[in-house]
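A closer look at the structure
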Amino acid sequence: MAKSTKKTASKKEVSYTKEENQNMLQEFFLDELRDIYWAEKHLVKSLPKFQKAATSEELAGAFEEHLAVTEEQVARLEQVFELLGEKPRGKKCEAMEGLVKEGESIIKDTEAGTSTRDAALIISAQKIEHYEIAAYGGLCTLAKTLGTEEIAEILGETLEEEKETDELLTELAENNINEVAAMEDEEEVEEEN
Ligand SMILES: [Fe+2]
C-alpha cells in the first residue's frame with residue numbers, strides 16, 4: 001500500500017494566539033458567506049434573462065426551476081447569518097458578476113431560436129454552477145473546521161443542489177441539445193456552399 005502522504009501544513013513563523021487565528025478564520029468565513037450571498041442574489045436577478053433567451057422548453061424550464069431553488073438558497077444563507085448572530089449582508093462577488101456578463105454576451109452572440117444558443121447557455125450556466133460548487137464546498141469544509149456542524153449541514157444541502165443542477169445541465173446537453181445544434185451548423189454550411 002502506498003505510504004500516507006498526509007502532511008501537516010507548515011507555515012512561516014508568526015506569532016498570533018490561537019484565539020486570534022480562530023477570529024481571523026471566522027472573519028474570512030463570514031466574508032466568503034457575504035460573497036456567495038451577493039452571488040446568489042445576483043443570480044435571482046439574472047436567471048430570468050437566461051430563461052427568456054433559451055430556445056428549448058426544457059432548458060427554459062430548468063432555468064425557471066433553478067430560480068426557485070436559488071431563492072431558497074438565499075433564504076438558507078440568511079439562516080446561516082442568523083445562526084452566526086450577523087445581519088445578512090452581501091459583498092460584491094466579482095467572479096459571479098463576470099460569469100453572468102459572459103452569459104449575457106453569449107445571448108448577444110447567438111441567434112434566438114437556435115439550439116446553438118442553448119448549447120452555449122448550458123456551458124455558461126455550468127460555469128456558474130462550478131463556481132458555486134467550489135464556493136459551497138469550501139465553505140462547508142471551513143464550517144466543519146470552525147466547529148459549526150449545523151451550518152456545515154445547511155451549506156451542504158445547497159452544495160448538493162448545485163451538483164444536481166450541474167448534472168441536469170449535462171443531461172440536457174447530451175439529450176439532445178448539442179446534437180441538434182451540430183445539425184444546425186451543418187445546415188448552415190450546406191446553405192453557404
Ligand atoms: Fe446557487
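Higher on the page you've got the structure.
Now for a quick tour of the structure. Worth saying up front: this structure is predicted, and the values here are computed from it rather than measured.

1. Observations concerning the coordination of the iron ion
- Looking at the iron ion, the protein donor atoms are Glu 40 (OE), Glu 40 (OE), Gln 73 (OE1), Glu 132 (OE) and Glu 162 (OE), and they sit 2.1 to 2.5 Å from it.
- Motif for the iron ion, donor spacing along one chain: E-x32-Q-x58-E-x29-E. Highlighted residues: Glu 40 in helix H1 (residues 18-53) and Glu 132 in helix H4 (residues 115-145), separated in sequence by 92 residues.
- Accessibility expressed as a relative area gives 0% for Glu 40, which makes it buried.
- The exposure class of Glu 132 is buried, given its relative accessible area of 0%.

2. Some words on the side chain of Asp 35
- The residue Asp 35 is located in helix H1 in this model.
- When sequence neighbours within four positions are dropped, the list of residues in contact with Asp 35 reads Lys 91, Lys 92, Cys 93 and Tyr 131.

3. Remarks on the environment of Ala 135
- Here Ala 135 lies in helix H4.
- Residue classification places Ala 135 among the buried residues on the basis of a relative accessible area of 17%.
- As a C-alpha pair, Ala 135 and Leu 159 span 24 residues in sequence and 8.7 Å in three-dimensional space.

Criteria and cut-off values
- The written sequence of each chain sets the order in which its residues are numbered from 1.
- For this predicted model, a pLDDT threshold of at least 70 governs which residues receive local features, and a threshold of 80 or more governs which side-chain atom pairs are given and counted, while totals over whole chains, interfaces and linings are taken from all residues.
- The basis for the side-chain values is all heavy atoms of the structure; hydrogens and waters are excluded.
- In this analysis a donor is any N, O or S atom within 2.8 Å of a metal ion (3.2 Å for sodium, potassium and calcium), and since water is not included, sites may seem incomplete.
- Counting from the N terminus, the helices are the DSSP runs of H or I reaching at least four residues and the strands are the DSSP runs of E reaching at least two.
- Buried, partly exposed and exposed residues are distinguished by accessible area as a fraction of the type maximum, computed with a 1.4 Å probe on protein chains only: under 20%, between the cut-offs, and over 50%, respectively.
- Contact definition: two residues touch when any of their heavy atoms are within 4.5 Å.

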